[in-house]
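A closer look at the structure
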Amino acid sequence: MKIALFSSMSYDVEYFELANRSYQFDITHFEARLKPHTAHLASGFNAVCVFVNDVVNRESLTILKDHGVKIVALRCAGFNNVDLAAAKSLGITIVRVPAYSPEAVAEHALALILTLNRKTHKAYNRVREGNFSLERLTGFNLTGKVVGIVGIGKIGTAFSSIMKGIGCRVIAYDKYQDKKLIKSGIEYVSLEKLLSLSDIISLHCPLTPETAYLVNRQTIAMMKHGVMLINTSRGGLVDTHDAIESLKSGQLGYLGIDVYEQEEKLFFRDRSEEILQDDEIARLMSFPNVLITAHQAFFTREALEQIASTTLGNLKAFFENEAVLNEVIYSDV
Ligand code: NAD
């Protein structure tokens, strides 16, 4: 079976080659992102493997179908970049890696919180330059603070355990309440209550038409003044323009993001010698209380191993006519 792996980075080559020792598939790595313009690269392949910013829209899928591609395997959990209705009508199966290491993302959310709060990134640079002053490095104790989790699924649950371990009061809002989580002590509240009570708000719901711009001018106004907002889920959950205005007024006290609305034009590439064309990220980068990482929350050895082996397992099951594993079906939206 021939697999075209798009948006491939050195770590994809490394971890997929390792996992492929058990499968012996014929994998070709393409650095290019999948989009209508590059979809022709999949000519002669049975399967395509993509990541978070590949453009799996109707146009790309139609070209893939014309080239005989039967399945698109997402090597990630989110599938907001896929036109599922188009895939269904074209008869292309979509599979994903629903859970690889929720802890990896949850621990990165904690890293953003601790860095923003205790300013270790600034302290590191100061000390290296012989500046041992503590001026403007004041943080706050996390113990006793209220942490609001929006979307308490696998990652939200892992994050909740971490924050409870630190001594925070955790509250959660979810579209669906899980009895097991209630039994384990999770306190579900309405979104409005979560926004008004939380000192730290962390987003862990998927990006869907319903959650797009969940954080906007109106919802930010419902938050505590000086709140810390963390987004490791998807950039489209936050209206960047409104976030910038709220940072300027001080309503948002801290912003930690691993994902960004327009990230597909920026992330996963070294652009240090380019002139940045995105004025919103440039403005965000100028705030001392904003921390941006480039979609690295998933990026641990354990997660990469799991992603590669589950993706290849999904493809094996599909091509050997076993039950299709981890299929994303249209009604999942
Ligand atoms: P999950 O499906 O286990 O949990 C998502 C939770 O969100 C569920 O409990 C669901 O009921 C809830 N939800 C759905 N719609 C909602 C709504 N309208 N309002 C409130 N809650 C809603 O998914 P997960 O594995 O925990 O992943 C969550 C998200 O994290 C993914 O969708 C993906 O976008 C993101 N993610 C980011 C990275 C990264 O590297 N930054 C890595 C993996 C996943």
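Residues numbered from 1 in each chain as written. Predicted model: local features only at pLDDT ≥ 70, side-chain atom pairs only at ≥ 80, totals over all residues. Heavy atoms only, no water.

Right, let's talk about the domain arrangement of the protein for a bit. When cut into domains, the protein gives domain 1 (2-100 + 300-332) and domain 2 (102-292). With 14 residues of domain 1 in contact, the opposing surface of domain 2 contributes 9 residues. Of the roughly 1,100 Å² buried between domain 1 and domain 2 on both sides combined, carbon and sulfur atoms contribute 55%. It is Met9, Asn53 and Asn80 that lose the most area in domain 1 upon contact with domain 2, and together they represent 40% of the buried surface on that side. Our count for the contact surface shared by domain 1 and domain 2 stands at 3 residue pairs in polar contact (both at pLDDT 80 or more). Classifying every residue of the side of domain 1 that touches domain 2 gives 8 nonpolar, 4 polar and 2 charged. (Domains from an automatic or database assignment. Contact = heavy atoms within 4.5 Å. Buried area = accessible area lost by both parts, 1.4 Å probe. Polar contact = N/O pair within 3.5 Å; in protein donor to acceptor, adjacent residues only side chain to side chain. Nonpolar A, V, L, I, M, F, W, Y, C, P; charged D, E, K, R; others polar.)

Where helix α4 (residues 102-118) meets helix α6 (residues 154-166), the axes come as close as 8 Å, and the angle between the chain directions of the two elements is 50 degrees. On the basis of their axis angle, the class for α4 and α6 is oblique. Handedness of the α4/α6 crossing: right-handed. In this structure, α4 contributes Pro102, Glu103, Val105, Ala106, Glu107, Ala109, Leu110 and Ile113 to the contact, and α6 contributes Lys154, Ile155, Ala158, Phe159, Ile162, Met163 and Ile166. Among the residues forming the contact of α4 with α6, the class breakdown is 12 nonpolar, no polar and 3 charged. (Axes fitted to C-alpha atoms, helices over the stretch in contact; angles between N-to-C directions. Helix = DSSP H or I, 4+ residues; strand = E, 2+ residues; numbered from the N terminus. Parallel < 35°, antiparallel > 145°, perpendicular 65-115°, else oblique. Left-handed = near helix turned anticlockwise from the far one by under 90°.)

Further remarks concern the side chain of Thr311. Structurally, the position occupied by Thr311 is in helix α12 (residues 301-319). Among the residues examined, Thr311 registers a relative accessible area of 1% and is labelled buried. Among all residues touching Thr311, those that are not within four sequence positions of it are Phe16, Cys49, Ala73, Leu74, Arg75 and Val97. (Buried < 20%, exposed > 50% of the residue type's maximum accessible area, 1.4 Å probe, protein only.)

Our focus in this paragraph is α6. In this model α6 runs 19 Å from its N-terminal to its C-terminal C-alpha over 13 residues, within 8% of the 18 Å that 1.5 Å per residue would give. Within α6 the residues assigned to the buried category are Gly156, Ala158, Phe159, Ser160 and Met163. Of the surrounding secondary structure, the elements contacted by the buried residues of α6 are α4, β6 (146-150), β7 (169-173) and β9 (200-203). At the C-terminal side of α6, Gly167 shows a positive phi close to 105 degrees. (Expected span 1.5 Å × (residues − 1).)

Glancing now at the side chain of Thr232. Tracing the backbone shows Thr232 in the loop between β10 (227-231) and α10 (240-249). Classification of Thr232 as buried rests on a relative accessible area of 7%. Setting aside anything within four residues of it in sequence, one finds Thr232 in contact with Val105, His108, Ala109, Leu112, Leu203, His204, Asp258, Val259 and Ala297.

In the vicinity of the ligand lie 24 residues, with Tyr100, Lys154, Ile155, Asp174 and Thr232 positioned nearest. The side chain of Lys154 places a nitrogen or oxygen atom 2.9 Å from an oxygen atom of the ligand. One of the side-chain nitrogen or oxygen atoms of Asp174 is found 2.6 Å away from an oxygen atom of the ligand. About the coverage of the ligand: the protein hides 87% of its 870 Å² of free accessible area. (Near = heavy atom within 4 Å. Areas by Shrake-Rupley, 256 points an atom, 1.4 Å probe, with all protein chains shown as cover.)

As a further point, take the sheet that holds β7. What the 7 strands build is an open sheet, ordered β8-β7-β6-β9-β10-β11-β12; its pairing is parallel. Strands at the two margins of the open sheet, each flanked by one partner only, are β8 (187-188) and β12 (290-292). Alignment of β7 against β8, held across 2 bridges, turns out to be parallel. Looking across to β8, one finds that Ala172 is bridged to Tyr188. Of the strands in this sheet, β6, β7 and β9 touch α6, which is tilted by about 175 degrees from β6. (Pairing = 2+ DSSP bridges.)

The next point concerns the pairing of β6. Judged by how many residues are buried, β6 sits mostly within the fold: 5 of 5 residues are covered. Of the two faces of β6, the one holding Val146, Gly148 and Val150 and the one holding Val147 and Ile149 are both buried throughout. One crossover worth recording links β6 to the parallel β7 by way of α6, and it is right-handed. Looking at chain direction, β6 and β9 are connected through 4 bridges and run parallel. Bridge pairing in β9 places Val150 opposite Leu203. (Right-handed = clockwise from strand over helix to strand, strands pointing away.)

What follows covers the pattern of salt bridges. For the structure shown, the criterion picks out 8 salt bridges. For Lys224, the salt bridge is made with Asp199, and the minimal N-O distance between the two is 2.8 Å. Of this pair, Lys224 sits in the loop between α9 (217-221) and β10 while Asp199 sits in the loop between α8 (191-197) and β9, placing them 25 residues apart in sequence. Look at Lys224 and you get partly exposed, because its relative accessible area is 32%. (Salt bridge = Lys/Arg side-chain N within 4 Å of Asp/Glu carboxyl O.)

Turning our eyes to something else, we now look at the packing of aromatic side chains. On inspection of all chains with the given rule, the structure shows 9 aromatic pairs. Taken together, the ring pairs connect Tyr11, Phe51, Phe268, Phe298 and Phe299 into an aromatic cluster. Between the NZ or CZ atom of Lys2 and the centre of the ring of Phe45, over which it lies, the distance is 5.2 Å. (Phe/Tyr/Trp six-rings, centres within 6.5 Å; stacked < 30°, edge-to-face > 60°. Lys NZ or Arg CZ within 6 Å of the ring centre and 35° of its normal.)

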